[in-house]
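Structural overview for review
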Amino acid sequence: MTEHLAHASASPATNGHPRDPAPAPGGLVIDYAPSIESDKIVQIPARHQLYIGGKWTQPAAGRYFDSINPATNQVLSEIAEADASDVDAAVRAARRSYDRTWSKLSGRERGRYLFRIARLIQERSRELAVLETIDNGKPIRESRDVDLPLVAAHFFYYAGWADKLEYALPGRKVGPIGVAGQIIPWNFPLLMAAWKIAPALACGNTVVLKPAEQTPLTALKLMEIFEEAGLPPGVVNLVTGAGEAGAALVAHPGVDKIAFTGSTEVGKIIARSVAGSGKKLTLELGGKSAHIVFEDAAIDQAVEGVINGIYFNQGHVCCAGSRLLLEESVSGVFLDKLKVRMRQLRVGNPLDKNTDIGAINSIGELDKIKRLIELGKQEGSSYFEPEEIKLPQAGNFLRPCFFSDVASSHTLCRVEVFGPVLTVSTFRTPAEAVAKANDTPYGLAAGIWSEKGSKIHKVASGLRAGVIWANTYNQFDPTSPFGGYGESGYGREGGRHGLLPYLEILG
Amino acid sequence: MKTADLKLPVLKTHKLYIGGAFPRSESGRSYPLVRPGAKKPFAQLCLGSRKDLRAAVDAALGAQHGWAARSAYNRGQILYRAAEMIEGRADSWLALLREGLGLTPAQAERALAGTIDALVYYAGATDKYPQVIGAVNPVAGPHHNFTTPEAVGVIGLIFAEDPDPAAIAARIAAAIAAGNTVVALLPGRAGGLVAEFGEAFATSDLPGGVVNLLSGSAAELASQFGSHMEIQGLTYLGGDHAVQTELERLGADNMKRYLRPGGPLLALERVLDFVEYKTVWHPIGY
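Reading guide: rules and limits
Residues numbered from 1 in each chain as written. Chains lettered and ligands numbered in written order. Predicted model: local features only at pLDDT ≥ 70, side-chain atom pairs only at ≥ 80, totals over all residues. Heavy atoms only, no water. Helix = DSSP H or I, 4+ residues; strand = E, 2+ residues; numbered from the N terminus. Rg over C-alpha atoms; globule rule 2.2 N^0.38 Å. Contact = heavy atoms within 4.5 Å. Areas by Shrake-Rupley, 256 points an atom, 1.4 Å probe, with all protein chains shown as cover. Lys, Arg positive; Asp, Glu negative; His and termini not counted. Charge placed at Lys NZ, Arg CZ, Asp CG, Glu CD. Buried < 20%, exposed > 50% of the residue type's maximum accessible area, 1.4 Å probe, protein only. Pairing = 2+ DSSP bridges. Phe/Tyr/Trp six-rings, centres within 6.5 Å; stacked < 30°, edge-to-face > 60°. Expected span 1.5 Å × (residues − 1). Arc of directions from axis to C-beta. Polar contact = N/O pair within 3.5 Å; in protein donor to acceptor, adjacent residues only side chain to side chain. Axes fitted to C-alpha atoms, helices over the stretch in contact; angles between N-to-C directions. Buried area = accessible area lost by both parts, 1.4 Å probe. Salt bridge = Lys/Arg side-chain N within 4 Å of Asp/Glu carboxyl O. Nonpolar A, V, L, I, M, F, W, Y, C, P; charged D, E, K, R; others polar. pLDDT = per-residue confidence, 0-100.

Attention now moves to the overall build of chain B. Broken down by element type, chain B carries ten helices and eleven strands. Taking 286 residues into account, the globule formula puts the C-alpha radius of gyration at 19 Å, and chain B, at 20 Å, falls close to it. Counting only C-alpha atoms, chain B reaches 90 × 40 × 30 Å along its principal axes. Once local pairs closer than 6 in sequence are excluded, the contacts in chain B between residues at least 24 apart make up 77%. Surface exposure of chain B reaches about 12000 Å², of which carbon and sulfur atoms provide 55%. Between the centroid of the 27 positive side chains of chain B and the centroid of its 27 negative side chains there is a distance of 5 Å.

Have a look at this one:
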């Protein structure tokens, strides 16, 4: 990586903010020469089939859709579009495999498969990271350093649980549920596949996975890895497609459990759909997570945490810290520092190892975020974006931004934007901060910045959120349960608690 | 002057138990509690209305934060006190179970013992389940990471019409042991238990609003439980599949935690039915 220091050539856009400082202290900005990760490691077939019962299978209706590189909007591959009959075949294959093979294996044997899978993922992690970045648009630095290590770790963690399930719920005998239908989103495609598949298999269930139509490529590659690991046919089946395939999977009477990660809107539709069916359901849904900074916080660290909280993965993060709550006494200095830091963010080619913010995942998503930004401007809060950040000509790119002086009633404070858009409001007392943080039907995550331990514990206990990051943000680990309160869904993924949704209590 | 004929007892109207008080239904409606096979009613019960339900949810919502903030030890003491209060009123309970609800003397004794057992079981659970299900998670990095269970919030419990006081005690106690507050509908004949349970809870230092009890009609009120946006968890024990389906469907609007009935009555996982898991991260370093 080469870098050189250059004098800032353009005066910063102030957007009417009186406190808007120079782009960087001393008038210096750091410029980076491109450092592009080679995509030669990845071979993408022109066409992908469904993976059912261990065989690559053409879709019954013969329909295919395109998977697009969001950084260029070029077609990467044609993807089979599953319909209800394909989903039926996949569920039957999963059931056969459950009855004949997987539920009969010992936990130790199941664990051995999962350990092998974890190793193979580690060995092919660069290839998978590049493929993820190409298909999803996230910076290679994230897919390489965050997604892929966590994917392998997740399989490794749950591999070890497979022969220790008698410790999952103390005093209770447990067993698998059956066939799990799993529907995952496009923001962390392979990581979400790992979060879903690893605990399901460890507990002895078989799986029909439906990846998001925008980002199926790494899940398809994962099926190759399963084959390579010798996983018996039908233990994991993959149906690609959009809402129709997902709806068919949710409605299929042969599915015993549904696990869904995605929007609250779709989560509610799924919950209504399975009502009365007896199917078990876990939902990991949207969020509008509060990020609280107290005046006694380590401010520079907090600025970094807030940047990571909202702009990580283009803001396509269910637990993104999208509502910044600043203690009034430090709001001025904090926003000044935040602007300085935002001007240093590098938006562009996701394969560039310097890139901080990659491509918005799809044109549709980009349009949605832009509409919400316009709405935010109309509703009258102050808007900031570092205008000097140059965006690539092609592809779906957006500058990071924030709205300050927002009220809890503003749209952007209530709806999940799922993009690099932060709202900022202030508070005077810890109680007010907690009240504002909880003033949403969501309850996925929250952040607290303070150097006072007792305050952190008091505030954390008052926050209605499933994951609370104190003096850090967006940390993930396979041993750490993840999931929300309220309309952010139910059930946990990760940790011992992540086993429970995939187990039946037998007595 | 002759004294009143003591063979003509006062026909009582049992009231609701909402926010620590014993109001009549705002609707002014009532229905008779008649023992199976009997001709004369044992008592009149309030036919709880939608408005009574809303008042009960308000009371439960108002009480929830404070109740959850009580120490686990204190919640356990109060549940144990409720068991003591019921034991102290054993005669009154047994009379109700036999004459109001039609249980045989042996059944009544068992039902009362089961009720007391349930309260004692969950009295002892309040400071155990967080240790059983909580965790310190060994994350791969310099962070302290721990998971603790917390109350879901306001829980709706719709019981069966066939009165089963031990089940009612167990479900209510399990929910409040974790710091939830409860709005329970004891429909039909089960409504005959509202007064005795209310009496026990009202005299056991349980803060008003932690448990709210309605008698009335499940057909009238069940869907109101399902659609109420401040009820965050719900169990329906009435056994009508159509009602259950409807409640699950309605509950999706605010992502209610919907618990299908089943499993043992006295078990720590009944407490876990209505808990959330909160995981807190903090860096480790100088």
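Residue and element names in this part refer to chain B. Burial along strand β3 (residues 43-46) is two-sided: the residues A43 and L45 and Q44 and C46 are all buried. By the bridge criterion, two bridges tie strand β1 (residues 13-14) to β3 in an arrangement that is parallel. For H14, the partnering residue across the bridge sits in β3 and is L45. With four bridges connecting them, strand β2 (residues 30-33) and β3 associate as antiparallel partners.

Our focus in this paragraph is the sheet that holds β3 of chain B. Hydrogen bonding along the main chain pairs the strands of a sheet, whether they run parallel or antiparallel. Sheet architecture is open: three strands sit in the order β1-β3-β2 (chain B), paired in mixed fashion. Because the sheet does not close on itself, it has two edges, and the strands there are β1 and β2 of chain B.

Turning our eyes to something else, we now look at the packing of aromatic side chains. Under the criterion given, the structure shown has 19 aromatic pairs over all chains. Residues F197 of chain B and F201 of chain B carry aromatic rings whose centres are separated by 6.1 Å and whose planes lie at 15° to one another, so their mutual orientation is stacked. With F197 of chain B and F201 of chain B both in helix α7 (residues 194-202) and four residues apart, the pair spans about one turn of that helix. Each member of the pair, F197 of chain B together with F201 of chain B, is buried. Taken together, the aromatic side chains of W195, W469, Y473, F476 and F482 of chain A make up a single cluster linked through ring pairs.

So, on to α7 of chain B. Those residues of α7 of chain B not exposed but buried are V194, E196, F197, G198, A200 and F201 of chain B. Residues of α7 of chain B that are buried in the fold lie against α2 (72-88), α3 (90-100), α4 (105-123), α6 (165-177), β7 (181-187) and β8 (211-216) of chain B.

Let us look at the pairing of strand β5 (residues 143-151) of chain B. Residues and elements named next belong to chain B. In terms of burial, β5 is a largely internal element, seven of the nine residues being buried. The pairing of strand β4 (residues 135-136) with β5 spans two bridges and is antiparallel. By the bridge assignment for β5, V136 is matched with F146. Between β4 and the antiparallel strand that follows it, β5, lie six residues. Sheet topology places β5 next to strand β11 (residues 275-283); nine bridges connect them, and they run antiparallel. Considered in β11, the bridge of N145 is made with W281.

So, on to helix α1 (residues 84-100) of chain A. Residues and elements named next belong to chain A. Along its 17 residues, α1 runs 24 Å from first to last C-alpha, staying within 8% of the 24 Å computed at 1.5 Å per residue. Listed as buried for α1 are D86, V87, A90, V91, A93, A94, S97 and Y98. Around the axis of α1, the buried residues are gathered within 155° of arc, so they sit on the same side. Considering only its buried residues, α1 is in contact with β4 (50-52), β8 (174-176), β9 (179-183), β10 (206-210), β11 (236-238) and α7 (243-251).

All names here are of chain A. In this fold, E385 is placed in the loop between β16 (382-384) and β17 (401-404). There is a polar contact of 2.4 Å between the side chain of E385 and the side chain of Y383. Here R399 takes part through its side chain, which lies 3.0 Å from a polar atom of the side chain of E385.

Below, the discussion takes up the sheet that holds strand β9 (residues 233-236) of chain B. Residues and elements named next belong to chain B. Here five strands make up an open sheet; going across it, the order is β8-β7-β6-β9-β10 and the pairing parallel. On the outer flanks of this sheet lie β8 and β10 (257-259), each paired with one strand and no other. Taking each pair of neighbouring strands and ignoring which way they run, the sheet shows an average axis angle of 15°. Pairing of strand β6 (residues 154-158) with β9 involves four bridges; the strand directions are parallel. From the neighbouring strand, L157 faces β9, where its bridge partner is T235. Of the strands in this sheet, β6, β7 and β8 touch helix α1 (residues 50-69), which is tilted by about 150° from β7.

Each partner contributes to the interface: chain A provides 47 residues, whereas chain B provides 40 residues. Where chain A abuts chain B, roughly 3200 Å² becomes buried across the two surfaces, and 53% of that area is made up of carbon and sulfur atoms. Across the chain A-chain B interface, the total number found is four salt bridges. Two residues, R492 of chain A and E276 of chain B, come together in a salt bridge whose shortest N-O distance is 3.4 Å. In this assembly, chain A and chain B are joined by 31 residue pairs in polar contact (both at pLDDT 80 or more). At the level of elements, α8 (264-274), β13 (280-284), α14 (453-462), β20 (467-470) and β21 (489-490) of chain A are the ones that each hand at least two residues to the side of chain A that touches chain B. Per-class residue counts for the side of chain A that touches chain B are 21 nonpolar, 16 polar and ten charged. The pairing of β20 of chain A with β11 of chain B spans three bridges and is parallel.

With that out of the way, let us pick up the confidence of the model for chain B. The predicted model of chain B has a mean per-residue pLDDT of 95, with 97% of residues at 70 or higher. Complex prediction metrics read pTM 0.94 and ipTM 0.93.

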